[in-house]
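Fold and geometry: a report
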Amino acid sequence: MVSACGQAVPQGKPSVPAAQAEATVAGFYKQVVARHPIAGMGDRKVFGPYFSKALLRRFDDNTACFADWYRKNPGTTDKPPFGQLEMGVYSGSDEESTPQAFRIEKTEPGKDGSARVYVKLTYAEPTFKLLWNVAAVVVRENGRAVVDDVIYLRDKDHPDEGRLSQVLLGDGCKGPRWDG
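We now turn to the structure provided with this report. Just so it is clear, the model here is predicted, and its values are computed rather than measured.

This next bit is on the packing of aromatic side chains. Within this structure, the stated rule accounts for 14 aromatic pairs. In textbook terms, an aromatic cluster arises when at least three aromatic residues are bridged by ring pairs, as seen for Phe-28, Tyr-29, Phe-47, Tyr-50, Phe-51, Phe-59, Tyr-90 and Phe-102. The ring of Tyr-118 has Lys-106 lying over it, and the distance from NZ or CZ to the ring centre is 5.0 Å.

Here's what the structure looks like:
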């Protein structure tokens, strides 16, 4: 297919309109700021509708693997090797786990039809203020925009970029089973 400007229009997945992606992410981060889910998904009835089927499956596998680890390590006082235990999975670690405010900065279309919505998060105390950025990857699924991943963007405090999808894999997990 060719557009009126003579450029080829990619076939396949329809792209997520920026306004729809931003509305989804704004609703999602309103819940993150209000509820501060730590370690896991949080209330599935609240957060589940914002997610793609693939991201929900990753959460389910992670939960099952975590339970399998506990079954295979009864009575242990060892800390389970799951990276998300001390973080806000939608925002980051330490103080980043409890953002108090968010602002959508910009939205960029992906080549695959997704949209990347950049979000500035804020945590503040009387003598301390922290600002950091994440990006929510939004895709179309069943005609609506849903979050498929969250990217923890690199900055001066975080030299490496991270992804929620990678955190949910869990060290030693093989899908829903602990194999570490």
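Here the narrative resumes, following the displayed structure.
So, on to the pattern of salt bridges. This structure, assessed with the given rule, holds six salt bridges. Between Asp-68 and Lys-72 there is a salt bridge; the shortest N-O distance is 3.1 Å. Separated by four residues within a single helix, Asp-68 and Lys-72 lie in helix H3 (residues 53-72), roughly one turn from each other. Looking at Lys-72, the relative accessible area reads 46%, which means it is partly exposed. Taking the shortest distance from any N to any O, the salt bridge between Lys-106 and Glu-108 comes out at 3.2 Å. Its relative accessible area of 43% is what places Lys-106 among the partly exposed residues. Taken together, the shared-partner salt bridges connect Asp-68, Arg-71 and Lys-72 into one network.

Moving on to the side chain of Thr-24. When you line up the elements, Thr-24 lands in helix H1 (residues 18-35). Excluding anything up to four places from it in sequence, Thr-24 contacts Tyr-50, Ala-145, Val-146 and Val-147.

Pairing is antiparallel across the open sheet formed by five strands, whose spatial order is E3-E4-E5-E6-E7. In this open sheet, the two edge strands, each paired with only one partner strand, are strand E3 (101-109) and strand E7 (162-163). Two strands pair when backbone bridges link them, and E3 and strand E4 (residues 115-125) are joined in this way by eight bridges, in the antiparallel orientation. When the sheet's bridge partners are listed, Arg-103 is paired in E4 with Lys-120. Lying over the sheet, H1 contacts E3, E4, strand E5 (128-141) and strand E6 (144-152), oriented at roughly 155 degrees with respect to E3. This element, H3, spans E5 and E6 of the sheet and lies at about 50 degrees to E6.

Under the 1.5 Å per step criterion, the end-to-end length of H3 is 28 Å for 20 residues, consistent within 8% with the ideal 28 Å. Where H3 is buried, its residues touch helix H2 (44-47), E6, helix H4 (164-167), strand E8 (173-174) and strand E9 (177-178).

We now examine the environment of Lys-111. Take Lys-111: it is sitting in the loop between E3 and E4. Each C-alpha atom, one on Lys-111 and one on Ser-15, is 8.6 Å from the other, the two residues being 96 residues apart in sequence.

Okay, the nonpolar core next. Ranked by internal contacts, the top residues of the largest apolar core, which has 32 residues, are Phe-28, Tyr-29, Phe-51, Phe-59, Tyr-90 and Leu-164. Counting only elements with at least two residues in this core, the list comes to H1, H2, H3, E4, E5, E6 and H4.

On to H1, then. End to end, H1 covers 26 Å across 18 residues, agreeing with the expected 26 Å (1.5 Å per residue, within 8%). All buried positions along H1 are accounted for by Ala-21, Thr-24, Val-25, Ala-26, Gly-27, Phe-28, Tyr-29, Val-32 and Val-33. On its buried face, H1 sits against H2, E3, E4, E5 and E6. Where H1 ends, the next residue or the one after it, His-36, has phi of about 45 degrees, a positive value.

What counts and what doesn't
- Numbers given for residues are sequential positions, taken from 1 along each chain in its written order.
- Since the coordinates come from a predicted model, pLDDT governs what is reported: local features require at least 70, and pairs of side-chain atoms require 80 or more to be given and counted, while whole-chain, interface and lining totals use all residues.
- Think of the side-chain values as coming from all heavy atoms in the structure, minus any hydrogens and water.
- Between the rings of Phe, Tyr and Trp (Trp by its six-membered ring), a pair exists once the centres lie within 6.5 Å; its type follows the angle of the planes, with under 30 degrees stacked, over 60 edge-to-face, and the other angles tilted.
- Any Lys NZ or Arg CZ found within 6 Å of a ring centre and within 35 degrees of that ring's normal is scored as a charge over the ring.
- Should a side-chain nitrogen of Lys or Arg be within 4 Å of a carboxyl oxygen of Asp or Glu, the pair is scored as a salt bridge.
- Helix numbering and strand numbering both begin at the N terminus, where a helix is a DSSP run of H or I of at least 4 residues and a strand a DSSP run of E of at least 2.
- Each residue is assigned to one of three classes by its accessible area relative to the maximum for its type, calculated with a 1.4 Å probe on protein chains only: buried under 20%, partly exposed between the two thresholds, exposed over 50%.
- We call two residues in contact whenever any of their non-hydrogen atoms come within 4.5 Å of each other.
- Two strands pair under a simple rule: DSSP has to find at least two bridges between them.
- Angular values range over 0 to 180 degrees, each being the angle between N-to-C directions of two axes fitted as lines to C-alpha atoms, with helices fitted over their stretch in contact.
- Expected span of a helix, by definition, is 1.5 Å for each gap between consecutive residues, and there is one gap fewer than residues.
- Definition of nonpolar core: a set of buried residues of the types Ala, Val, Leu, Ile, Met, Phe, Trp, Tyr and Cys, connected through side-chain atoms within 4.5 Å.

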